[in-house]
Amino acid sequence: MSLISPWRTDFPALDALERQGQVYLDSAATAQKPQALIDALTHYYANGAANVHRAQHLPGAMATQAFEDTRHKVGEWLNLGTCGHVIFTHGATSAFNLLAYGLEPLFQTGDEIVISALEHHANLLPWQQLAQRRGLKLVVLPLTADGTVDLDAASSLINARTRLLAISQLSNVLGTWQPVSTLVEMAKAHHALTVVDGAQGVVHGRHDMQALGCDFYVFSSHKLYGPDGVGVLFGRHEALARLRPWQFGGEMVLQAGYEHATFRPAPLGFEAGTPPVSGVIGLGATLDYLNDVNQSTATEHEARLHELLCTGLRLREGIRLVGVPQVALASFVVEGVHNADLAHLLTEQGIAVRAGHHCAIPLIDRLGLSGAIRVSLGLYNDSADLERFFDALDQALELLR
Ligand code: PLP
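Residues numbered from 1 in each chain as written. Predicted model: local features only at pLDDT ≥ 70, side-chain atom pairs only at ≥ 80, totals over all residues. Heavy atoms only, no water.

Here we look at the sheet that holds strand β12 (residues 329–334)
Read from one edge to the other, the open sheet built from four strands follows the order β11-β12-β15-β14, with strand pairing classed as antiparallel. The sheet terminates laterally at β11 (319–321) and β14 (354–356), the two strands that pair on one side only. Each neighbouring strand pair of the sheet contributes to a mean axis angle of 30 degrees, computed without reference to strand direction. Sheet topology places β12 next to strand β15 (residues 372–376); four bridges connect them, and they run antiparallel. Across the sheet, residue A330 finds its bridge partner in β15, namely V375. Contacts from helix α14 (residues 383–400) reach β11, β12 and β15 within the one sheet, and its direction differs from that of β12 by about 10 degrees. (Pairing = 2+ DSSP bridges. Helix = DSSP H or I, 4+ residues; strand = E, 2+ residues; numbered from the N terminus. Axes fitted to C-alpha atoms, helices over the stretch in contact; angles between N-to-C directions. Contact = heavy atoms within 4.5 Å.)

Some points on the site of the ligand
Around the ligand, the neighbouring residues are A92, T93, H120, A122, N172, D197, A199, Q200, S220, H222 and K223. Measuring from an oxygen atom of the ligand, one finds a backbone N or O atom of A92 at 3.4 Å. Between the ligand and K223, the relevant distance is 2.5 Å, taken from an oxygen atom to a side-chain nitrogen or oxygen of the residue. Its residues assigned to classes, the shell around the ligand shows three nonpolar, six polar and two charged. (Near = heavy atom within 4 Å. Polar contact = N/O pair within 3.5 Å; in protein donor to acceptor, adjacent residues only side chain to side chain. Nonpolar A, V, L, I, M, F, W, Y, C, P; charged D, E, K, R; others polar.)

Quick word on the pattern of salt bridges
By the definition in use, this model includes 15 salt bridges. Across the salt bridge formed by R8 and D385, the nearest N and O atoms sit 2.8 Å from each other. Separated by 377 residues along the polypeptide, R8 in the segment before α1 (12–19) and D385 in helix α14 bring together distant segments of the chain. On the accessibility criterion, R8 (15% relative accessible area) is buried. Residue R161 pairs with E112 through a salt bridge whose shortest N-O separation is 2.8 Å. Note that R161 is positioned in the loop between α6 (151–157) and β5 (162–168) and E112 in strand β3 (residues 112–116), a separation of 49 residues in sequence. By relative accessible area, R161 is classed as partly exposed at 48%. What makes E112 buried here is its relative accessible area of 5%. (Salt bridge = Lys/Arg side-chain N within 4 Å of Asp/Glu carboxyl O. Buried < 20%, exposed > 50% of the residue type's maximum accessible area, 1.4 Å probe, protein only.)

Brief notes about the pairing of strand β4 (residues 137–141)
As a general feature of sheets, a regular strand has side chains that alternate between the two faces. Bridging between β3 and β4 involves five bridges; their strand directions are parallel. The residue of β4 that forms the bridge with I113 is L138. On the question of chirality, the crossover connecting β3 to the parallel β4 by way of helix α5 (residues 125–134) is right-handed. (Right-handed = clockwise from strand over helix to strand, strands pointing away.)

Some points on the domain arrangement of the protein
For the protein, the assigned domains read domain 1 (8–25 + 294–400) and domain 2 (38–291). Relative to domain 2, the C-alpha centre of domain 1 lies at a distance of 28 Å. Contact with domain 1, which involves 29 residues of that partner, is made by 27 residues of domain 2. Summing both partners gives a buried area of about 2200 Å² for domain 1 against domain 2, and 61% of it is carried by carbon and sulfur. Contact with domain 2 buries surface across domain 1, with Q326, C359 and L363 losing the most and accounting together for 23% of the total. Connecting domain 1 to domain 2 are zero salt bridges. (Domains from an automatic or database assignment. Buried area = accessible area lost by both parts, 1.4 Å probe.)

Brief notes about the sheet that holds β5
Taking strand neighbours across the sheet as the criterion, the seven strands line up as β2-β8-β7-β6-β5-β3-β4 in an open arrangement whose pairing is mixed. Each of the sheet's edge strands pairs with one partner strand only, and the pair in question is β2 (84–89) and β4. Adjacent strand axes in the sheet meet at a mean angle of 20 degrees when their direction is disregarded. As paired elements, strand β6 (residues 193–197) and strand β7 (residues 216–220) share three bridges and run parallel to each other. Within the sheet, the bridge partner assigned to V195 lies in β7 and is F216. On the sheet, helix α7 (residues 180–189) packs against β4, β5 and β6 and is oriented at approximately 175 degrees with respect to β5.

Below you can see the structure in the form of C-alpha cells.
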C-alpha cells in the first residue's frame, strides 16, 4: 500500500534531505519546518527585528503585536478560553525547571510528588532535585505490560500526601497515550497540583485544557514543527497565583529599588529578560499553517503510516517492539544485536532514526534494556520512507546476524 503525504512539499527540508540520501524518521526528537515558518522568520529579520514590550517605536510595536498574537494563537490551539495564561519559556525543559523552582515554597518535608516510570528526564530530574532540596518523597507510578500507567496502583499511590502529580501525556519511548484525565482527577481529589508533559502529545491531536483540567501543561515548539528555543507553559489562574517567579530581570518587574522589587503577574512576570522573539513569531506562523491542515486527514495519515511501521517491525524475526505503541513512533530491539551496531549501519545507509535511552534512562533500565532504536513519524513522511527504512534494516540485520 502506497501512502503519500499531501503536506510533504510544504516542508522544503524533506527534499533537501532526500538529495543528500537521507530519510528523516526522527520527528519525535525534533520536527522539520514548514515553508510558512521559514517565510515568517525571513520576513521578521528582513523587515526589522525589535525587542518586545519595551520600545514605543514602530518595529517594537510590530514585534510586540506579532509576539502577543502568537500567545493568543497558542491559547486557541489549547482551547484555554479564559481559564489561564500562556507563558513563553526557552523550551519544555525550562518550563519544568520554572515550575520546580517556582512551586518550591509550597512543599513541606515529607510531602510527595508523583511521577510515572516513563517520564523523560525533563519531567523527572527537576522534581528529583526539588525532592532532594526539600526532603520530599518522589513516588513513581508503575506501568502495565502495554506501557501505560497502572491505574489500580495509581489509585493508592496518589493520596492525601500527594502535593503534585507530573505526568507525560504521550511517551517518547513507548508511543503510548497515558490516562492523563483520570490521573489528573485522582490528584485533584486530593487537592494536589497537576502538571502534564505535552511535549509529544501536543503534536498528535488537539488537546483542550478546559476539559483536561490540569493546572499546568508544557510543550516545546520545535517538536510541533515550530522553531527551537521556544517552550510553552500553560498555567491555570489559581495555580499561577501560587507560582513564584524563578528567573529575575528585565520586563518582569513592576517596580524596582536597590533593596526591593515587585513583579508583574502572569504571563510577563514569568518571562524575565528578552524572550525568544523570532521563535515565538515563527511559532505563530507554524500554528497558522497547522490550522490549515485538516486534523482528521492528518490523524488518519499518521495512523496508517504507524500501522505500516508496526506491522513491518512485527513481521521481522527477532525484532521486539518495546511496549505496544499507539501512535507516531515505535521503539524496538533485536535479539542478539546491539542497538549501537544496528544504529551505525542504519546511519550509514542514510536512515535518520534515534538509538539509545531517549532521555529516559530509568525507564530503559526498568525494561531491562540497554537502549532501543526509535523510529518516529511526522506529517511529511510517506510509505516510501518506511520502505527505505525496512530495506536498510534488512540489509543491516543480514550483516549483523
Ligand atoms: N518531554 C518529552 C516527553 C520529550 O520527548 C522531550 C524531548 O524529547 C521533553 C520533555 C523535553 O523537551 P525539550 O528538550 O524541547 O525541552
